[in-house]
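Here is what each chain is made of, one letter per residue.
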Amino acid sequence: MQKLVNTIREAIELSGLKSGMTVSFHHHLRNGDYVLNMVMEEIANLGIRDLTVNASSIFAIHAPLVDHIKNHVVTMLQTDYMSGPVAKAISEGIMENPVQFRTHGGRPADIARGETPVDVAFIAAPSSDPMGNCSGKFGKSACGSLGYAMPDAMYAKKVVVITDNLVAYPLPDWSISEDYVDYVVAVDAIGDANGIVSGTTKITRDPVGLVMAKTAAKMIKASGLLQNGFSFQTGAGGASLATAKFLKEIMLKEGIRGSFGLGGITGYLVEMLEAGCFEKLMDVQCFDLDAVRSIREDPRHEEISAIHYASPRAKSAVVDSLDVVILGATEIDTNFNVNVHTDSNGYIMGGSGGHSDAAAGAKMSVIIAPMIRARLPIVTDRVNCISTPGKDIDVLVTQGGIAVNPARVDLKERFLAAKLPVVDIEELKARTEAITGKPQPIAKGSRVVAEVISRDGELLDRIYNVPTL
C-alpha cells in the first residue's frame, strides 16, 4: 500500500476534504508550529470553504487564520487555548459563530463520542516512516510527547501525517502507529522546536512570587498528602515552577519518594525525576527542550495520550489519581471560580487547557496568584469568565495569605495547626481593594464570541465581544 504522497495539496485532495467539513491539528510545537498554516493555505487555494478547525491550541504563529476567517474559509473554531492575533480578532467579533472552548480532557472525550467529529486530522510529526508510524521524540523538530494528537489519529475519518524527518520502515518507538494513518507527506520543515518554549517557563525571581511559592510548598507538606507515593502536577508559570523547586528540597530532605509527576512536563519536573523525587513522569506535552531530551532517553518518562491524561469519559484517567496540582489564574472570585480565558480588558488570552481537568481530579487543587495583577485585585465578586468552577478549587495562595474553600474544612484545620497564614477570601478581597480601590466592571459588547464548555460537556460560561472604537 502506497501512503507516501508528494505534497500537502495531494494529501488534502486524496483525503476527500470538502467544504463544510472539520479538520484538526495538535499543538505540540506550540509557537513554533508551521503545519496548521501550511495546510490551511493549501485548503484556501483549493477553494474549500466553511470549515471547522478543531485545534488543541492556537498561538501567535497562527495569525494567518485571521484572514481565513475573514474569507470564510474557516467559519468555526474549536480549541482548548487561544492567544495572539487570532484571540484578539475573535475578541473583537471577527467571527460570526462563537468559538467553542473545551478542556484538554473534554476535547478528546467529545471527539471520541462523536460530539465533535473530525473529517481529516493533520499530524505534525517530527519523525515518520512511509507507512505513518510516527514520533515526536526524534528529528530536527523533536517536540517530545504527541499526546494531544493521539485522539485525533484514533477517531478522525482520515489521517495525514506531515513530517520533516522521513525514516526507513519501521520507525522504532512510535507514538502513533500506521494502522491509524492514511497518507504521509514529507516537507522541508514542520516547525521550529525552539518555539515550544513559549510563555513563562522559568522559575520566578520576583520576591512576591518566591514568597507565594515557599508558602505553597509548606502548605503541601501540611496537607498530609506529601508522603511516599505522592503525585504532583504543576503549570509552567514562574511561581508554580518555584513551588516545584521548594517542594523538591522538602522531598529530598525528608526522603519522600513520589509516584509520578504529570501534565505538560518541564525541565524542573525532569530534575525532580532524576533526583529521585518521583518514580515516573506521565507526559502529554513537553514544555521545553530538557523535557524533550528526557522523554527520548529515559524510560521512566512516559508518553500518554490526552484521553489517558484527562478524559472524563475514559474508564480511568491519570488526573483522577493526582494528589496535588498547582495552577494559575487571571482572577478568582469569592466562590473560588477561576478565570484563565480573558485578561483585565476582557480580551481572550488563554484557555483552560488541562486546568479544569487537573483541578477536578486532584485531591488538592491550588491556585497561586498575587493579590494584585495589572493594578487590579485578583479576588473579585464574580470572575468575568468561569474557566474552572469553584467546586473544584481548594486553596488560593497569595502573598497576603492562604484562602481555603469553605468546603475543605479538613485542609483549613491542618493549615492552622501548621501556623500557616490562613485568611478568609472575603477578607483578602477587602484588604486588596483597600490598596487598589474597587475596580469598575469591564465593558462588554452584546455579541457572544466564545462559549466555555466544561470538561463534562456542559456550557460553563460565555465570553462577549470587546467594544472597539
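Here we summarise the structure given alongside this text. Every chain's residues receive numbers from 1 upward, in the order its sequence appears when written. Given that this is a predicted model, residues contribute local features only at a pLDDT of at least 70 and side-chain atom pairs are listed and counted only at 80 or more, while totals for whole chains, interfaces and linings are drawn from all residues. In computing side-chain values, all of the structure's heavy atoms are included and hydrogens and water are not.

## A few points about a nonpolar patch on the surface
- Only residues whose relative accessible area exceeds 30% and that form no salt bridge are eligible for patches; like-charged ones are grouped when within 9 Å, while nonpolar side chains (Val, Leu, Ile, Met, Phe, Trp, Tyr) are grouped when within 5 Å. Here, Shrake-Rupley sampling with a 1.4 Å probe gives the accessible areas, and only protein chains in the shown set may cover a residue. By convention in these notes, a salt bridge is any Lys or Arg side-chain nitrogen within 4 Å of a carboxyl oxygen on Asp or Glu. Judged by side-chain polarity, Met-154, Tyr-155 and Tyr-180 come together as a nonpolar surface patch covering roughly 260 Å² of accessible area.
- Positionally, Tyr-155 belongs in helix 6 (residues 150-155).
- Owing to a relative accessible area of 37%, Tyr-155 belongs among the partly exposed residues under this scheme. Strands are runs of DSSP state E lasting at least two residues, helices are runs of H or I lasting at least four, and both sets are numbered from the N terminus onward. Only protein chains enter the accessibility calculation, which uses a 1.4 Å probe; a residue whose area is less than 20% of its type maximum is buried, one above 50% is exposed, and one in between is partly exposed.

## Notes on the side chain of Ser-177
- Mapping Ser-177 onto the fold places it in the loop between strand 9 (158-163) and strand 10 (183-186).
- In protein, a polar contact means a hydrogen-donor-capable atom and an acceptor-capable atom, both N or O and within 3.5 Å, with residues adjacent in sequence counting only if both atoms are side-chain atoms; elsewhere, any N or O pair within 3.5 Å suffices. A distance of 2.2 Å separates polar atoms of two side chains, one belonging to Ser-177 and the other to Asp-179.
- Any pair of residues with heavy atoms lying within 4.5 Å of one another is described as a contacting pair. Those residues in contact with Ser-177 that lie beyond four places of it in its chain are Gly-132 and Asn-133.

## A closer look at the sheet that holds strand 21 (residues 379-380)
- For two strands to pair, DSSP has to find at least two bridges joining them. Spatially, the three strands line up as an open sheet ordered 17-16-21, and their pairing is mixed. Either end of the sheet is taken by a strand with one partner, and the two such strands are strand 17 (338-339) and strand 21.
- Both strand 16 (residues 331-333) and strand 17 contribute to a ladder of two bridges, which runs antiparallel. Its bridge partner lying in strand 17, Glu-331 is registered against Asn-339.

## Observations concerning the packing of aromatic side chains
- Only the six-membered ring of Trp is used, alongside the rings of Phe and Tyr, when aromatic pairs are assigned; centres must lie within 6.5 Å, and planes under 30 degrees apart are stacked while those over 60 apart are edge-to-face, with the rest tilted. Taken as a whole and judged by the stated rule, the model has four aromatic pairs.
- Relative to Phe-122, the ring of Phe-25 has its centre 5.6 Å away and its plane inclined at 15°; by these criteria the two rings are stacked. Of this pair, Phe-25 sits in strand 2 (residues 22-25) while Phe-122 sits in strand 6 (residues 120-125), and the two are 97 residues apart along the sequence.
- Relative to Phe-232, the ring of Phe-230 lies with its centre 5.9 Å away and its plane at 25°, an arrangement referred to as stacked.
- Classification of Phe-230 as buried rests on a relative accessible area of 0%.
- Counting every residue linked through ring pairs, the aromatic cluster contains Phe-230, Phe-232 and Phe-278.

## Let's talk about the packing of helix 8 (residues 238-254) against helix 9 (residues 267-274)
- Where helix 8 meets helix 9, the closest approach of the two axes is 10 Å, and the angle between their N-to-C directions is 10°. Judged by the inter-axis angle, helix 8 sits roughly parallel to helix 9. Residue-level inspection shows Leu-241, Ala-244, Lys-248 and Met-251 of helix 8 in contact with helix 9, the latter providing Tyr-268, Glu-271 and Met-272.
- Classifying every residue of the contact of helix 8 with helix 9 by side-chain character gives five nonpolar, no polar and two charged. Between N-to-C directions, angles span 0 to 180 degrees; the directions come from axes that are lines fitted to C-alpha atoms, helices contributing only their stretch in contact. The scheme is simple: roughly parallel for angles under 35 degrees, roughly antiparallel for over 145, roughly perpendicular for 65 to 115, oblique for anything else. Asp, Glu, Lys and Arg are counted as charged, while Ala, Val, Leu, Ile, Met, Phe, Trp, Tyr, Cys and Pro are counted as nonpolar; the rest, among them Gly, fall into the polar class.

## Some points on unusual backbone geometry
- The omega torsion across Tyr-169 and Pro-170 is -5°, close enough to zero to call that bond cis.
- Summarising the element assignment, Pro-170 is placed in the loop between strand 9 and strand 10.
- Unlike most non-glycine residues, Arg-30 shows phi in positive territory, near 50°.
- Among the secondary structure elements, Arg-30 is positioned in the loop between strand 2 and helix 2 (35-45).
- Residue class for Arg-30 comes out buried when judged on its relative accessible area of 10%.
- Although it is not a glycine, Asp-173 sits at a positive phi angle of roughly 55°.
- For Asp-173, the location among the structural elements is in the loop between strand 9 and strand 10.

## Topic: the pattern of salt bridges
- As enumerated under the stated definition, the model contains 29 salt bridges in all.
- Glu-42 is the partner of Arg-9 in a salt bridge, and the nearest nitrogen-oxygen pair spans 3.9 Å. Of the two residues, Arg-9 sits in helix 1 (residues 8-15) while Glu-42 sits in helix 2, which places them 33 residues apart along the sequence.
- One salt bridge connects Glu-274 with Arg-293, and the closest N-O pair in it is separated by 3.3 Å. Here Glu-274, found in helix 9, pairs with Arg-293, found in helix 10 (residues 289-297); they are 19 residues apart in sequence, far enough to count as distant.

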